[in-house]
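So you can see what is in the structure, the chains are spelled out below.
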Amino acid sequence: MNSAVVGLQWGDEGKGKIIDYLSGDVDVVVRFQGGNNAGHTVVLEGKKYVFHIIPSGILRKDKICVIGNGVVIDPKILIEEIDHLKKMGVSISPKNLRIAFLSHVIMPYHRVMDSFRESKRIQKIGTTKRGIGPCYVDKASRCGIRMIDLINPKVLAFKLKDNLKEKNPLYKNVYGSSHFSFKKILEEYSRYAKILKPYCCDTVDYLYEKRKKSFLFEGAQGTFLDVDFGTYPFVTSSNTVAPNCYLGSGAPFIKIDRFIGVTKAYTTRVGEGPFPTEFAGKLGEHIRAVGKEYGATTARPRRCGWLDLAILDRSVKVNNITEIALTKLDVLDGLKEIRYCSSYTGAFKKYSKFPYDLGEARPVYKKVDGWNEKTADTRQYPKLPKLAKDYITTIEKTLGVPIKLISVGENRKAVIKKS
Ligand code: GDP
Ligand code: IMO
Ligand code: MG
């Protein structure tokens, strides 16, 4: 069985936890897009691991983790992540971590550009300032530097020189940026190249050789941060949706059986952009405190709101979701009443279809009763409070997709399997 696991909301749905849980049953875990804008948290035996670039399957012994061609890699951050995880006792070597020759490298000027754009533009995106967008821009502009270029000293020097020839005057004149030194960057990135070279390979051939094994594709961000299907322009710069598994890994020969969408039992968002069901006032603070809703990458407070079934309906379609993993149900324990958005109305007309401009949309809420019991220690579906089960059934019925996993805590074991 091969699976894809993707976020159905605006990221941080708990993908890391679900991927870690499911990766026990697979051989290979593949990241296919995004970069270190992602922060995927796994809590295991009291230790917290946050993965930014390395797939969340790495904690499982004997699993192979692959960083696909669709990922953008900040080599400094990747090396730090490897070192940090090794110090935490995780074994990482070219035996269990492979990096695609064709993945693109985040350069210092990408990070600088990310910050400059945010400071100059009227419409701010609230990016993570990790250089993700500018790196994808250079990929599309055909001046990007790939891992295969990074590890070839001559090619690296040529491509870096060519980029700086354009970028130094451009950045100086438009943004007032200080000069990027060819010599300094070349020295720094040549060091990274030496360290990362043993991990790099043609991951297409590598995955093809392993095609009879079982796979899990790990999505980063979420459907509404997708550059095509998200709340554009308040999105990231890659396709986060499940069909990109194939393009971002070069492995369409692996047949995916399960498309697993991860959603919280409520909604969060970090950064700017529309969020129709966002809480006003005290409830937001309550959920943020109970759910520890602070960014795993930037530590920014996450905006919180009710579950939005209208956007989830769209996510189910664009990802071809076959089942849902519902996370953070425990965070709703003790609420008197739970609301969810079932559809939208606009200022002048009722929307009959998904509204492109979510900022215009006004949610229509339905209510269900909340439950008093604590769910965190529950491991069997029938033992959940009846009202919690009612809420789950409502979500399933509205979306027409079964919820097969329910997460009730941050630890690996805090999962309920539902048939
Ligand atoms: P990701 O980016 O989708 O992997 O999600 P993040 O790791 O950024 O954010 C999810 C946060 O919720 C992390 O701190 C997880 O440890 C935590 N978490 C995941 N599932 C649950 C759950 O069911 N209950 C609670 N209380 N916390 C959870
Ligand atoms: P994971 O994988 C939540 C958001 C940023 C910003 C927008 C663009 O942990 O779910 P970018 O740096 O990508 O150009 O920022 O996207 N964003 C995320 N929000 N979780 C993430 O990843 C995110 N990655 C990017 O906050 O609004
Ligand atoms: Mg995250």
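Above this text sits the structure in question.
Structural notes, computed from the coordinates.

### As for the sheet that holds strand β5 (residues 64–67)
Reading across the sheet, the 10 strands line up as β9-β7-β5-β2-β10-β1-β11-β15-β18-β19 and stay open at both edges, with mixed pairing between neighbours. Taken across any chain shown, the strands that pair with only one partner, and hence form the sheet edges, are β9 (200–201) and β19 (415–417).

### Re the coordination of the magnesium ion (ligand 3)
Think of it this way: four donors in a tetrahedron around the metal ideally sit 109.5 degrees apart, and six in an octahedron ideally sit 90 or 180 degrees apart. Within the protein, the magnesium ion (ligand 3) binds to Asp-12 (OD) and Gly-39 (O); these donor distances fall in the range 2.1 to 2.2 Å. Highlighted residues: Asp-12 in the loop between β1 (3–7) and α1 (15–22) and Gly-39 in the loop between β2 (28–31) and β3 (40–44), separated in sequence by 27 residues.

### Structural notes on the side chain of Asp-20
Locating Asp-20 in the fold gives a position in helix α1. Exposure remark for Asp-20: the relative accessible area of 1% places this residue in the buried category. Those residues in contact with Asp-20 that lie beyond four places of it in its chain are Val-42, Ser-56, Leu-59, Arg-60 and Arg-412.

### Overview of the pairing of strand β16 (residues 337–345)
In this structure, strand β14 (residues 307–308) lies alongside β16, joined through 2 bridges in parallel fashion. Within the sheet, the bridge partner assigned to Leu-307 lies in β16 and is Tyr-340. Note: β16 against strand β17 (residues 362–369), 8 bridges, orientation antiparallel. The residue of β17 that forms the bridge with Tyr-340 is Lys-366.

### Quick word on the site of ligand 1
Around ligand 1 sit 18 residues in total, of which Lys-15, Gly-16, Thr-41, Asp-330 and Ser-407 are the nearest. Contacts to ligand 1 include Asp-12, whose side-chain N or O atom sits 2.9 Å from an oxygen atom. Between an oxygen atom of ligand 1 and a side-chain N or O atom of Lys-328, the distance comes to 2.9 Å. In the complex, the protein chains occlude 93% of the 580 Å² of accessible area that ligand 1 would expose alone. Of all the secondary-structure elements, those providing two or more residues to the shell around ligand 1 are α1 and β3. Looking at the shell around ligand 1 element by element, the count peaks at 3 residues for α1. Of the residues in the shell around ligand 1, the class split is 3 nonpolar, 7 polar and 8 charged.

### Let's talk about the pattern of salt bridges
Note that side chains of opposite charge can pair when their charged atoms are close. Applying the stated criterion across every chain, the model contains 20 salt bridges. Glu-293 is the salt-bridge partner of Lys-328, the closest N and O atoms lying 2.9 Å from each other. Residue Lys-328 is found in the loop between β15 (323–327) and β16, and its partner Glu-293 is found in the loop between α10 (282–290) and β13 (303–305); the two are separated by 35 residues along the sequence. If you follow the salt bridges from partner to partner, you end up with Asp-12, Lys-264, Glu-293, Arg-302 and Lys-328 in one network.

The rules behind these values
Every chain is numbered on its own, with residues counted from 1 as its sequence reads. Labels follow written order: the first chain is A, the first ligand is 1, and so on. Note on the predicted model: pLDDT of at least 70 is required for a residue's local features to be given, and 80 or more for side-chain atom pairs to be given and counted; whole-chain, interface and lining totals, by contrast, use all residues. Heavy atoms throughout the structure, all of them, feed into the side-chain values; hydrogens and water do not. Whether two strands pair comes down to DSSP finding at least two bridges between them. Labels follow the DSSP assignment, with helices taken as runs of H or I lasting at least four residues and strands as runs of E lasting at least two, numbered in each case from the N terminus. For Na, K and Ca the donor cut-off is 3.2 Å, while for other metals it is 2.8 Å, and in both cases only N, O and S atoms qualify; water is not among them, so sites may look incomplete. Buried residues are those whose accessible area, probed at 1.4 Å on protein chains only, stays under 20% of the maximum for their type, while exposed residues exceed 50% and partly exposed ones sit between those limits. We call two residues in contact when some of their heavy atoms are within 4.5 Å. Here a residue counts as near a molecule or strand whenever at least one of its heavy atoms sits within 4 Å of it. We define a polar contact as two N or O atoms separated by no more than 3.5 Å, with the added condition that, inside protein, one atom must be a possible hydrogen donor and the other a possible acceptor, whereas residues neighbouring each other in sequence contribute only through side-chain atom pairs. Note that accessible areas follow from Shrake-Rupley with a 1.4 Å probe, and for residues the cover is restricted to the protein chains shown. Residues are grouped as follows: Ala, Val, Leu, Ile, Met, Phe, Trp, Tyr, Cys and Pro are nonpolar; Asp, Glu, Lys and Arg are charged; every other residue, Gly included, is polar. Basic side-chain nitrogens of Lys or Arg form a salt bridge, by our definition, when they fall within 4 Å of a carboxyl oxygen of Asp or Glu.

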